[in-house]
Amino acid sequence: MIGNALVSSLGGNGEEDGRMPMNGTTELDSHANMAVVGCNVTVIQPSGKFAEVHAFTDDVPTLKQIPIVDAIVAYDCKYSMKTYFLVIRNALHVPSMQHNLLPPFLLRESGLIVDECPKRQSDTPTIEAHSIYDETTKLRIHLQLRSTFSYFPSRALVLREVDECEAYDAVFLTPDCDEWNPNDTRFAEEEEAYVNADGLLRDYIPRPQRQIIEDVDIDAVEVKASPWSVYEDHVDAVISSIEGERGDIYPSCETNEAAAFSDDHLGRLSEDMMIAGHISKLAASAGSVSINDDECELFFSKEESQRLAESIIAGGLAISGVSAGDTRGVSAEHLSKIWKIPPDEAEKALNMTTQFNKQDPDTPLTRNFGTNDRSQRRHRINSTFFTDTFFATKKAKSSRGNTACQLYVSDKGYIAIYPMKSERNYLDTLKLFSKDVGAPKVLVADPARTQKKREVKDYCMKIGTTLRILEEATQWANRAELYIGFTKEGIRADIRDAHAPLVFWDYAAERRAMIANAVPKALFQLQGMNPHTATFGTEMDISNIAAFGFYEWVYHRQGSAPFPYNSQELGRVLGPCKNEGNMMCQWVLKANGQVVPRRSLRRLTPGEASSTNETEAWKRSVFDACISRIWGDSFTLPPHYQADDEYQPYEDDDQSPTVTPEAEAVDANGKPIMQQPITDVLINAEVLLDQGESEQLAKVMRRSVDDNGQLVGQYDDNPLLSTQIYDVEFPDGSVKEYSANIIAENILSKVDPNGYYSQELKEIVDHRRDGDALRRDEMYMKSKGQKKLRKSTRGWKMLVKWANGTTQWIPLKEMKQSNPVETAEYAVARGISDEPAFIWWVGYTLRKRDVIISGVNSRVRKATHKFGFEIPQSFADCIRIDKENGNTLWQDSVKKEMENAGVAFDILEHGQDAPSGYTMSSVHMIWDLKMDLTRKSRLVKDGHKTPDLDRSTYAGVVSKESIRIALTYAALYDLPVMAADIRNAYLQAPTSEKHYIVCGPEFGLEHVGKKAIITRALYGGKAAGSDYWHHLRSAMHSFGFESSRADPDVWSRKSSRKDGSLYYEYVLLYTDDCLCISENAEAVLRDEIGKYFTLKEESIGEPSQYLGGKIRKVQLANGTWAWAFGSSQYVQASVTNVEKELAKKGLKLPARAATPLSSGYRPEVDVTPELNSYDASLYQSYIGMLRWMVELGRIDMAVEVSMMSSHLALPREGHLSEVYHIFAYLKKHHNAEMVFDPTEVEIDMNDFPKQDWTYSTYHHELEELKEELPPNMPLPLGRGFQIRVYVDSDHAADQLTRRSRSGFVVFLNNSPIHIHTSKTTSVETSTFGSEFVAMKKACEYVRGLRYKLRMMGIPVEEPAYIYGDNQSVLANTTMPASTLKKKSNAICYHFVREGTAKDEWRTAYIRTDLNVSDLLTKPLPSGEKRERFVSMLLHHLYSHRS
């Protein structure tokens, strides 16, 4: 039967035709994509991995637990009379098979030349036909036929060959890599890329993605066969020692006596072959058989392998075409939760890591877990690493006595952290690092004394590491500085979220480093991989960090617990152990404060973790209380904990120090004298507590005392952990006792995210008005000759009754916003609806009552309280609240603010009037309460009450185009870029407005009633921004900088470099943000700008953020450094907001969105129903978000957003659906970066010949035909940029108005500087006209760009090179003798030709499928063309296809 003839039997004896060698054969099988070896091989070493194998038909059962091994066979060449060793790596091992199976695909992947065609079928038979050839050893294996199968004879090694293995040549039949991943789709994608959409061989080879790398290892680019002696010599030179696996690891085959060796011989062969395996560093290839380690141990015994093989034989199965399943482990959701990373990053981390030792953290602890962790051992690595030290505060010495950490980070972001007791232990960490990770090729360190000692240099020399010490004051160049900041934030988050004691920060640091190495990041260097894989070339195993969260509750097994004590003990996980137990071992905190290594532990069951399980909850509370006494918590250190070098209080030798009593002073009756201790933050707090069937707003009055007058409970800085008891008074006068943690819990659980209470409004009881309310004769005002109602609610308050029975006076302004309908109905019922404060809004509100009721929440936020504390509404309130609370917290915050804002006032003497010309204004104070209960005050000018100014109040900001030019310029000249923020910027500038105020009590009692001149640009003033802008400009002039006439916020100054060459240093200003480009950038900011303006110290450094986008410095594949700008953070936040809005309607974003708009969608012909007012407002908001994304660089959707923006006035349901489609596209393609690459591009000047325009109409005898230069431009310095422009137009694109859409993109060198897409303002009758209009727009921009570059001092010596795809337009612009035949396009025609004649620009033809501006004229469908154009402008969107 044909079906039987297509497979090779596992159980066959290989003697069907009588010509089969007894030693065995190796057959070619094109249906398999993973090698299979039988018993006639010598196994080098097992990999510890297993495969789940599927046959070519689903009718055959799946084979599980097939071991994967590296094996070797001998081939005796009968022509050369030599024996060769053929190495087969990553092969399925079935010991009962007589033959081996090899896919030809794997042979070719290993570099062998394979010709499968038999000589009898060849038209012109040659010696190369039907053979396998190795170019290195010149070995040619002539294939033979058995039936229709190709094979060659092979056998296992004999004893003599094992002893003399170095005398034989070796050839790899499969790729020499640690793993073979057949599920990789790279091969299929690369094969498909060779054919274009027309089925022809591609004539355009896409330019490769500009990989950004920082180090390239060019060693072992290709592994070729060579004698074993070569490998051993290389190993001896590189690896000092290696621990080989010895013992009987070879499966015994009764059918081949040569395969049975002594342990001594096997050990020698195993050691030799394992060394060769360690040398291999190649990445895994791809295929269709995958490794599956579900529910299996790491290694099978040889008896189990034999038994499995025999069971396969008994089933009569055969292996030919096989496939494998996927591995299983923890879920992405679980990983995201315990690692505190986004779900998409967790999914990527799982895809790029392994879990060879998967232990169920929920399993019962009936036995100890196994100790086999061989699959997680790491290999050595050579790479470039950076190192630096970060310190903990002296008071936070860790539980292990550590005060600092040494951080090592590779050029791919791989992190290793070693806690140390002091900086003197640096050399010890270096030794541990070189042992754990490897001896780095280069180690970059700061010029710290401990990092450049002789001992360090000697050790680096000993291990073959180049030590590079940075220069003084250049520590910013150390990459470890950046990763220290990331690591600290991660440690803080782990401790804060888990409420772990501060002294365990070093455990959190070690765990955070392991997580960082496993999570893929959007970095050019990683190319979609995680740092571990990018640095080592192997997958990282996350078994030991994927099971438990930091400080998670667990039960661990106590193996030595005596009867009747329970062997399972409660504890908390602190992270994986290092050098303790096996790799799955975890540090566990016990109730006695000890930290012990445990490998057998489980998390709490849902029943145990439930808050209703009182027994378990009591255990956890006791545990936390014990740990808090010993080690403190996430807020405070333990009371006895003190650093060794901390200040010690003075004590006399002959007298003990005075002990302060725990209880407060009491009177004769035992009652505390101080009922309101100033240090207690809970006293006077108002909190919602249950009383009967309702909640009542009660007030904390005092600490409770016992019968002896002693205060009850112990104080803790964290109220949630405090055991103090308080007397709480309810509105009915009753007093009850509540513990501090109950009060604190109710405060935090019953406020909104901003800290405010929300209460149900029951009714409006009364109203009142004061003298500030508008009178009836003030009801109207005149504006431009028209009489209008004044819109004001000042002076009115409403007495409201809450659902809990309490009453409160609320300003009408707040009631109108939160409960407009109830307030309007009350005004009508009480006959006050015609009052000035009501008449302008009550009627409209009642008419729109139903709509308002559906859109406004019936709960009103109590703006007078936050986190249970009353917020002042005036300075009098401030004093009253402090008096009631028995402290001065609010007054202290006002004092602090007035110290900062006091420089803005010149206070006059009593009775002294303001100078002539000054008018009266006013200020007010804004109060707030932070999360940590810190009081905050801010003084603001009432600018809205001052008359409009009769002059411009313009305050400019630097354009995004100028920033892109400056960053490209910095990369071109390799200049540092530094940024800084100016603190209290406005208050540092004098004001141009002539206003004075009358001092209130916030200025101090001695100044109340005095007049004060406003001398500084106070926040809130109408001219504050303009005054600050002009003041900053004056300062820049004094520093010697000159403002560019093309962009007033770009400042330049001539300077000289260290080599003596002249260049321009730049400062770009965006309000209070400064961006400096100079060899001495930090000195310019600190010593010049910082001399007159106070800079925020933490903001000084390389720029990282700009208008919601992220800026970072990257290195290109050609070694050039460049700046990159990404908007992924803003895009993801926007998508999240849209999804939340959709969730309210029970909807979701579309699941598939390969392009921004649906295929074929045209918004102008959409006739779906119009949106209601709410959805229309939503649509406009979404369009605003999308347009800002385009401004931040999302060029890939510019034309789609432009099309949807045309329908803001009358949006329809279909329009909103397509906007959701755009956000679905962004959710999938959020990761994009625009790289400002300064690399020059080779331009074929044959495409841009210079024409002779002497005899054209543009030449005049008295004037030279050349470009006009700005007369006041600065002296050009250095070399300039190449300007390239791509322009296109889509004629009659709008299907309703038939207006065309034009677009162009401009490059400086290889950096995209500007993109443009828009509809034309008129209808063009031909493609020629629309293309000429587009060309004219592009040329207008180029002229402005050339002017800007010249005014920045950047040379512009070459013309701009403009590419277009309309040959008629190009002919009319390039040929001097051309005449216009379309009179309607005369202006565009002559403008473009005149610039060409002056050699401002030159034009050339480019094919449409190569014109990137086509992306800006029409929505392109998904496919190769769109991906190619987007990849020319942005990185990462299609990096998975690279």
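Conventions we followed
Residues numbered from 1 in each chain as written. Predicted model: local features only at pLDDT ≥ 70, side-chain atom pairs only at ≥ 80, totals over all residues. Heavy atoms only, no water. Helix = DSSP H or I, 4+ residues; strand = E, 2+ residues; numbered from the N terminus. Buried < 20%, exposed > 50% of the residue type's maximum accessible area, 1.4 Å probe, protein only. Contact = heavy atoms within 4.5 Å. Salt bridge = Lys/Arg side-chain N within 4 Å of Asp/Glu carboxyl O. Expected span 1.5 Å × (residues − 1). Pairing = 2+ DSSP bridges. Axes fitted to C-alpha atoms, helices over the stretch in contact; angles between N-to-C directions. pLDDT = per-residue confidence, 0-100. 1 Å grid on protein atoms, 1.4 Å probe; cavity = no way out; pocket = protein on both sides within 12 Å on 5 of 7 lines; lining within 4 Å. Points joined across faces, edges and corners; volume = space filled by probe spheres on them. Parallel < 35°, antiparallel > 145°, perpendicular 65-115°, else oblique. Left-handed = near helix turned anticlockwise from the far one by under 90°. Nonpolar A, V, L, I, M, F, W, Y, C, P; charged D, E, K, R; others polar. Core = buried A, V, L, I, M, F, W, Y, C linked by side-chain atoms within 4.5 Å. Polar contact = N/O pair within 3.5 Å; in protein donor to acceptor, adjacent residues only side chain to side chain.

1. A look at the overall build of the chain
Okay, so step 1: Summing up its helical and strand segments, the chain has 34 helices and 59 strands in all.
Okay, so step 2: Out of the 1442 residues belonging to the chain, those deemed buried represent 51%.
Okay, so step 3: Sequence-distant contacts in the chain: of pairs separated by 6 or more residues, those separated by 24 or more amount to 70%.

2. Description of the pattern of salt bridges
Okay, so step 1: In this structure the tally under the stated criterion is 56 salt bridges.
Okay, so step 2: Across the pair E993 and K941 runs a salt bridge whose closest N-O atoms are separated by 3.4 Å. A residue pair is termed long-range when its members are at least 10 positions apart, and E993 in the loop between β44 (977–981) and β45 (995–998) and K941 in strand β43 (residues 935–941) qualify at 52 residues.
Okay, so step 3: Judged by relative accessible area, E993 falls into the buried class, the value being 6%.
Okay, so step 4: D1399 is the partner of K1250 in a salt bridge, and the nearest nitrogen-oxygen pair spans 3.6 Å. Of this pair, K1250 sits in the loop between β54 (1233–1236) and β55 (1283–1290) while D1399 is found in the loop between α33 (1386–1397) and β59 (1401–1405), placing the two residues 149 residues apart along the sequence.
Okay, so step 5: Exposure remark for D1399: the relative accessible area of 18% places this residue in the buried category.

3. Brief notes about helix α31 (residues 1327–1351)
Structurally, the α-helix is built with 3.6 residues per turn, so residues lying three or four positions apart point the same way.
Okay, so step 1: With 25 residues, α31 should reach 36 Å at 1.5 Å per residue; the first-to-last C-alpha distance of 36 Å fits that figure.
Okay, so step 2: Immediately beyond the C-terminal end of α31, within one or two residues, lies G1353, with a positive phi of roughly 85°.

4. Section: the sheet that holds strand β24 (residues 568–576)
Okay, so step 1: As summarised here, the arrangement of the five strands in space is β26-β25-β24-β23-β27, forming an open sheet in which the pairing is antiparallel. A single partner strand is all that each edge strand has here, and the edge strands are β26 (595–598) and β27 (601–603). For this sheet the average axis-to-axis angle between neighbouring strands, irrespective of direction, equals 45°.
Okay, so step 2: Strand direction decides the pairing type here: strand β25 (residues 586–589) and β26, joined by four bridges, are antiparallel. Among the inter-strand pairings, V588 is bridged to a residue of β26, identified as V596.
Okay, so step 3: In this fold helix α13 (residues 505–518) packs onto β24, β25 and β26, with an angle of close to 60° to the strand it touches most, β24.

5. Considerations on the confidence of the model for the chain
When pLDDT is low, close inspection of the predicted coordinates is not appropriate.
Okay, so step 1: Model confidence for the chain is summarised by a mean pLDDT of 77, while 76% of its residues fall at 70 or above.
Okay, so step 2: Ranking the helices and strands of the chain by mean pLDDT puts strand β8 (residues 131–134) first, with 94, and strand β14 (residues 285–286) last, with 24.
Okay, so step 3: Within the model, pLDDT remains below 50 along residues 203–328, and this stretch shows 297 contacts once partners closer than five positions in the same chain are excluded.
Okay, so step 4: Here residues 642–679 is modelled with pLDDT under 50, and outside its nearest four sequence neighbours on either side it reaches 41 contacts, counting other chains as well.

6. A few points about empty space enclosed by the protein
Okay, so step 1: Under the defined criterion, the tally for this structure stands at 15 cavities of 30 Å³ or more.
Okay, so step 2: If you add up the space inside the largest cavity, you get close to 90 Å³.
Okay, so step 3: Along the walls of the largest cavity sit twelve residues, with P1249, K1250, Q1251, T1396 and R1402 positioned nearest its centre.
Okay, so step 4: Within the residue set of the lining of the largest cavity, elements represented by two or more residues are α33 and β59.

7. So, the packing of helix α27 (residues 1128–1144) against helix α30 (residues 1213–1228)
Okay, so step 1: Closest axis-to-axis distance for the α27/α30 pair is 10 Å, and the angle between their directions is 130°. Considered as vectors, α27 and α30 are oriented oblique to each other. Considering only the axes of α27 and α30, their crossing is left-handed. Across the interface between the two elements, V1131, S1134, V1135, V1138, E1139 and L1142 of α27 pack against Y1220, F1223, L1226 and K1227 of α30.
Okay, so step 2: Looking at the contact of α27 with α30 residue by residue, the class counts come to seven nonpolar, one polar and two charged.

8. Concerning the environment of F504
Okay, so step 1: As for its placement among the helices and strands, F504 is situated in the loop between α12 (479–498) and α13.
Okay, so step 2: On the basis of relative accessible area, F504 is assigned to the buried category, the value being 0%.
Okay, so step 3: Here the alpha-carbon distance between F504 and N402, two residues 102 residues apart in the chain, equals 9.8 Å.
Okay, so step 4: In this view, F504 contacts S399, F550, Y551, L574, L589, V595 and W631; residues no more than four positions away in its chain are not counted.

9. Concerning the nonpolar core
Okay, so step 1: Residues Y969, Y1066, Y1182, L1186, F1223, L1226 and L1349 are the most contacted members of the largest nonpolar core, which totals 109 residues.
Okay, so step 2: Considering every element that reaches this core, the biggest residue donor is α31, with eleven residues.
Okay, so step 3: Counting 39 residues, the second-largest nonpolar core is a separate cluster that includes L63, Y84, L101 and L106.

10. Details of the packing of helix α28 (residues 1173–1191) against α30
Okay, so step 1: The contact between α28 and α30 brings their axes to 10 Å, and the two run at 35°. For the pair α28 and α30, the crossing hand works out as left-handed. Residue-level inspection shows D1175, L1178, Y1179, Y1182, I1183, M1185, L1186 and M1189 of α28 in contact with α30, the latter providing H1215, L1216, V1219, Y1220, I1222, F1223 and L1226.
Okay, so step 2: For the contact of α28 with α30, the per-class residue count stands at 13 nonpolar, one polar and one charged.

11. Digging into the side chain of R1194
Okay, so step 1: Along the chain, R1194 turns up in the loop between α28 and α29 (1198–1205).
Okay, so step 2: Only 3.0 Å separates the side chain of R1194 from the backbone oxygen of H1229, close enough to count as a polar contact.

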